[in-house]
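# Descriptive structure summary
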Amino acid sequence: DKVYLNGNIVPPEDAKISVFDRGFIFGDGIYEVMVQIDGKFFYEKAHLNRLQEGLNKINIAFDTSNLLIEIEKLLSVAELTGKDCLLYIQITRGVAPRQHSYPSDIVPTIMMYAVPKVLPNINSVNAKVITREDFRWSRCDIKMTSLLGNVMLNEEAMQHQCFETILHRDGFFTEASHCNVFFVKNGIVLTHPANELILDGITRQVVFELCKSLHIEIRETPVSVNDISEIDEAFLTGTSTQIASIEQIDNHILYEDNKKGSVTKKLQEAFLKIKSLN
Ligand code: PLP
């Protein structure tokens, strides 16, 4: 186990951060998660672009263009070069006396770790989900480290032995606690627009590409909670989740006995193909 902290690669027990780091005090930071498959990070550029955009949105002055070199160093020391692993990157605003406003010369704290990870078989998840009001703030487009809302909403799914909690705001589904959510109705894929109410997932973007190449119609249209009985299929996407078929939403059963919808199946098969081409 190795941790990258501000240019040093050390064992986790030696990776020490000030209690006055604003990441600790305020959750004032941005994070990113990506996976290495067959020796290459999946959609690495898209992940690093999103990281840079997140930093720009909250005015953390850090340039991610040299990060790849640092990632390679970390993987090498962690003996994970070329191996299937998960990389976590966190950039917080830095250390300063506790007050909401921050000094203009504050230096960001850069932390990364990589752990071995083989993604689960895409067919092993047939998700049961619960639905809850999306009580998070209205800048869910920012992949910030303050995840209390997501943690609370995810915990409810765990209490109900469910895989995820899908969220709705003003009567329309937005996303899930750590995934994006898609619905299929009459062969058309529907998902919430990538605005400030959801995180524009990289896997979500992959689904748009797959739909295009498979000639499946996809629309950025919010789905009403009231229309759940008219839905033919639903699925979740995320870096670790990949594309997971949903079999049950609250008491509404979509599929039983490990069955899934034809559109979900097509997208999963196409996803597995691009994964192996990665
Ligand atoms: N939505 C939320 C709230 C998330 O936390 C995540 C991933 O962590 C996603 C969606 C999926 O994003 P990605 O496909 O980039 O992993």
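Residues numbered from 1 in each chain as written. Predicted model: local features only at pLDDT ≥ 70, side-chain atom pairs only at ≥ 80, totals over all residues.

Test applied: UniProt positions are given in the numbering used here, feature names are shortened, and annotations may be inferred rather than shown by experiment.
As annotated in an unreviewed UniProt entry, the chain is D-alanine transaminase from Maribacter orientalis. Under the Sequence similarities (unreviewed entry) heading, UniProt states for the chain: "Belongs to the class-IV pyridoxal-phosphate-dependent aminotransferase family." Under the UniProt heading Cofactor (unreviewed entry), the entry covering the chain gives this text: "pyridoxal 5'-phosphate".

## Looking at the environment of Val181
Here is the rule: Starting at the N terminus, helices and strands are each numbered in turn, a helix being any DSSP run of H or I of at least four residues and a strand any DSSP run of E of at least two. Contact criterion: two residues are in contact if their C-beta atoms, reconstructed from the backbone, are within 7 Å.
For Val181, the position within the fold is in strand 10 (residues 180-185). Along the chain, Val181 and Leu74 lie 107 residues apart, while their C-alpha atoms are 33 Å from each other. Once you skip the residues sitting within four places of it in the chain, Val181 turns out to touch Ile166, Phe173, Glu175, Ala176, Thr191, Ala234 and Leu236.

## Quick notes on the nonpolar core
Note the threshold: Any set of buried Ala, Val, Leu, Ile, Met, Phe, Trp, Tyr and Cys residues joined through C-beta atoms within 7 Å is what this text calls a nonpolar core. The exposure scheme places C-beta atoms from the backbone and then counts, for each residue, the other C-beta atoms within 10 Å of its own, assigning buried at 20 or more, exposed at 12 or fewer, and partly exposed in between. An automatic or database domain assignment is the source of the domain bounds shown.
Of all hydrophobic cores here, the largest spans 57 residues; its most connected members are Met112, Val129, Val181, Phe182, Ala234, Leu236 and Ile246. Each of domain 1 (3-116) and domain 2 (122-277) accounts for three or more of the residues forming this core. Aside from chain neighbours lying at most four places away, what touches Val129 is Ala157, Cys162, Phe163, Glu164, Thr165, Ile166, Ile246 and Ile249.

## What about the sheet that holds strand 3 (residues 29-37)?
Formally: Pairing between strands is defined by DSSP: at least two bridges between the two strands are required. In this analysis, axes come from line fits to C-alpha atoms, helices being fitted only over the stretch in contact, and the angle between any two N-to-C directions falls in the range 0 to 180 degrees.
The 6 strands lie next to each other as 2-1-6-5-3-4, forming an open sheet whose pairing is antiparallel. If you trace the sheet from one side to the other, it starts and ends with strand 2 (8-10) and strand 4 (40-41), each paired once. Alignment of strand 3 against strand 5 (residues 85-92), held across 8 bridges, turns out to be antiparallel. Paired with Ile30 across the two strands is Ile91, which belongs to strand 5. Against the sheet, helix 2 (residues 44-57) touches strand 3, strand 4 and strand 5, its axis set at about 175° to strand 3. Each of strand 1 (3-5), strand 2, strand 5 and strand 6 (109-116) touches helix 3 (residues 67-77); the most contacted strand, strand 6, lies at about 45° to it.

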